[in-house]
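Breakdown of the fold
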Amino acid sequence: MKVAHNFNAGPCVLPRQAVQAAIDALTDFKGSGMSVIEVSHRSKEWESVMNECRALWKEILNIPDGYHVLFLGGGASMQFLYVAMNLLENKAGYLETGVWAKKALKEAKGIGNAVAVASSADKNFSYIPKGYEIPKDLDYFHITTNNTIYGTEIKTDMDSPVNLVADMSSDIMSRPVDVSKYALIYGGAQKNVGPAGVTFVIVRDDILGKVTRYLPSMLDYRTHIQEESMFNTPPVFSIFVMNETLKWIKSVGGLKSMHKLNLDKAALLYNEIDRNKMFEGTAAVEDRSIMNICFVMAEKYKDKEEAFMTFAKERGMVGIKGHRSVGGFRASTYNACPVESIKALISCMQEFEKING
Ligand SMILES: *Cc1c(COP(=O)(O)O)cnc(C)c1O
């Protein structure tokens, strides 16, 4: 069977075990004689998947008491609105680190007073702003921990004098996180923890119920806490595959091991980008993401971009075209991207240099 070297930014590569478990569950879900997409979401069999998945989130991320884990629809993009509706009363601050951060800020501005506290727009979001102060009069401060398009990442859990809210769509479960530093964490599952269709939210209970506006039931986090993410029909198939993905993360040793694997993979590729005279990285070195690795042809070889794309494609590389706002190339090296794929890409770069450099 053909297996691609999948560097897609999302949806993206999933662990083979999770994909195989999904295939099996489509044939016969837990001996029910039905597929997982045909059973009732109120059945005992399904309830056990929901419970297991919630428990795995808490265990793997070491989520303290006082938080709830929710599985919702609508993607991270819907959370841009949820966050503002549920938390914004007087003023919210956003760290403007890219397109996703800007979209989150835009939704908040539609709800109330929201401002960019700092921005890296001046250099096309190629770095993470530093040295700014988080105003103490904010209802919350919103960050995007990994900037999927630009390949920059906030790699530590920052201290914040106000409730810290994080879009972790593209680096959740890539490293251990001190959840207690965050009031709310959310993201689309489709970059590190599953297929598209389910959105995870980790919310500290005490931040809710503080706004005066009317909250529609569906947009009120408290509804989903109360109904254990089954206020309406949950995206069962996506949650099933997410659960299998979490089992895989646990089986490889949890987030400490995952982090080490990710650091090693990223170091291999960045070392080649820095060594190879035909390529150069686009993100500030200290802010380089370990999930999305962006690079371009060096100035002298700009005319070779198309040629390298073709060369890499012919050797099985998939999804390495950079986002149009950065250009060049982007290799997304999420949890499930095997080191063999990184090595295959590096071989491509070395061969290409031998022929054209
Ligand atoms: C992909 C992505 C989003 C959008 O996620 P959807 O689930 O498609 O709405 C938001 N934020 C970040 C950081 C992303 O990488």
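Up top is the structure these notes are about.
The text that follows walks through the structure, step by step, so that each part is easy to find. Keep in mind that this is a model prediction, so the values were computed, not measured.

**What about the packing of aromatic side chains?**
A full pass over the atoms with the stated rule returns 15 aromatic pairs. With a centroid separation of 5.1 Å and 70° between ring planes, the pair formed by Phe308 and Phe352 is classed as edge-to-face. On the criterion of sequence distance, the pair formed by Phe308 in helix α8 (residues 305–314) and Phe352 in helix α9 (residues 339–356) is long-range, its members being 44 residues apart. A single burial state applies to Phe308 and to Phe352, both of which are buried. Ring pairing ties together the aromatic residues Phe279, Phe295, Phe308, Phe311, Phe329 and Phe352, which thus form one cluster. Its end group placed over the ring of Tyr127, Lys123 keeps NZ or CZ at 5.8 Å from the ring centre. Against the face of Phe311 rests Arg315, its NZ or CZ located 3.5 Å from the ring centre.

**A word on the site of the ligand**
In the vicinity of the ligand lie 14 residues, with Ser77, Thr148, Asp167, Gln190 and Lys191 positioned nearest. Surface burial for the ligand is 88%, taken as the share of its 390 Å² of free accessible area covered by protein chains. With four residues, the single largest contributor to the shell around the ligand is helix α3 (residues 75–87). Here the residues of the shell around the ligand are counted per class, giving three nonpolar, nine polar and two charged.

**Some points on unusual backbone geometry**
Trans peptide bonds make up most of the peptide bonds, and negative phi angles are found at most residues other than glycine. The linkage connecting Gly10 with the following residue, Pro11, adopts the cis geometry, with an omega of -5°. Note that Pro11 resides in the loop between β1 (5–6) and α1 (16–27). The phi torsion at Lys30 lies on the positive side, around 50°, for a residue other than glycine. Mapped onto the fold, Lys30 is located in the loop between α1 and α2 (44–61). For Ser229, which is not glycine, the phi torsion reads 60° and is therefore positive. Tracing the sequence through the fold places Ser229 in the loop between α5 (221–226) and α6 (236–251). The exposure class assigned to Ser229 is buried, which follows from its relative accessible area of 2%.

What counts and how
Residues numbered from 1 in each chain as written. Predicted model: local features only at pLDDT ≥ 70, side-chain atom pairs only at ≥ 80, totals over all residues. Heavy atoms only, no water. Phe/Tyr/Trp six-rings, centres within 6.5 Å; stacked < 30°, edge-to-face > 60°. Helix = DSSP H or I, 4+ residues; strand = E, 2+ residues; numbered from the N terminus. Buried < 20%, exposed > 50% of the residue type's maximum accessible area, 1.4 Å probe, protein only. Lys NZ or Arg CZ within 6 Å of the ring centre and 35° of its normal. Near = heavy atom within 4 Å. Areas by Shrake-Rupley, 256 points an atom, 1.4 Å probe, with all protein chains shown as cover. Nonpolar A, V, L, I, M, F, W, Y, C, P; charged D, E, K, R; others polar.

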